Amino acid sequence: MFPAVPRCRRTFGVFSHLLLAGSLMTLVGCNLPKAEAESTPQAAGQQAAANEPATVNVATAQAGDLGQTREYTGTTQPFRLVSLRSQVEGQLLDLAVTVGDAVTQGQVLAQVDASVLQASVAEAEAEVAARQAEVAQAQAEVSDIQTQVSTAKVELQQAQSDLKRAVSLSRRGNSSAAE
């Protein structure tokens with residue numbers, strides 16, 4: 001096959017032929033797409049864009065609305081749980097908060113109809129006035145009784161005095177036995 005050449009030269013010769021063939025194929029392969037690229041208008045635009053620097057849009061970051069709201073589902077625990085009970089009974093007119101609203105100390109949460117409370121107050125005031133009238137009547141009765149007691153004491157003293165005088169006169173014989 002090969003002429004009688006030393007083995008080292010034969011390997012080098014084969015290697016050099018292969019290297020030369022590979023180089024030619026690479027050069028031919030690189031030139032083919034280039035020739036095809038120049039033949040189509042779309043490829044020509046890509047070739048021109050490949051040679052120029054890339055165009056980029058630049059903007060400064062700003063705070064703004066993303067236009068999309070996100071909803072998250074979860075469970076929360078209150079900071080402090082307070083049980084509320086009304087101190088009075090009545091019809092609820094207005095409820096200023098709903099379940100889950102944050103509230104502050106002293107904030108009005110609801111309004112109860114005051115007419116029921118006012119009627120209760122008027123009833124209690126009438127009861128107090130009636131009791132005061134009863135007290136005044138009892139005091140008048142006590143005053144009358146005290147007057148009667150004083151009159152009875154005076155009458156007792158007068159009767160005792162009359163008795164002493166009658167006994168004294170009877171001992172002296174100055175009065176009749178009937179007196």
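Just above sits the structure.
Here the structure is a predicted model, which means the values were calculated and not measured. (Residues numbered from 1 in each chain as written. Predicted model: local features only at pLDDT ≥ 70, side-chain atom pairs only at ≥ 80, totals over all residues. Heavy atoms only, no water.)

Participant: I tried to follow the overall build of the protein chain on my own but got confused; where do I start?
Facilitator: Summing up its helical and strand segments, the protein chain has three helices and two strands in all. Along the chain direction, N to C, the helices and strands of the protein chain fall in the order α-α-β-β-α. Split into buried and exposed, the 179 residues of the protein chain put 2% on the buried side. Contacts in the protein chain between residues far apart in sequence, at least 24 positions, make up 13% of those at least 6 positions apart. On the protein chain, roughly 17300 Å² of surface is accessible, and the fraction owed to carbon and sulfur atoms is 57%. (Helix = DSSP H or I, 4+ residues; strand = E, 2+ residues; numbered from the N terminus. Buried < 20%, exposed > 50% of the residue type's maximum accessible area, 1.4 Å probe, protein only. Contact = heavy atoms within 4.5 Å. Areas by Shrake-Rupley, 256 points an atom, 1.4 Å probe, with all protein chains shown as cover.)

Participant: Is there a simple way to think about the side chain of D113 in this case?
Facilitator: Residue position: D113 is located in the loop between β2 (110-112) and α3 (114-172). Here the side chain of D113 touches S115 through a polar contact of 2.9 Å, side chain to side chain. Setting aside chain neighbours within four positions, we find D113 in contact with Q91 and L93. (Polar contact = N/O pair within 3.5 Å; in protein donor to acceptor, adjacent residues only side chain to side chain.)

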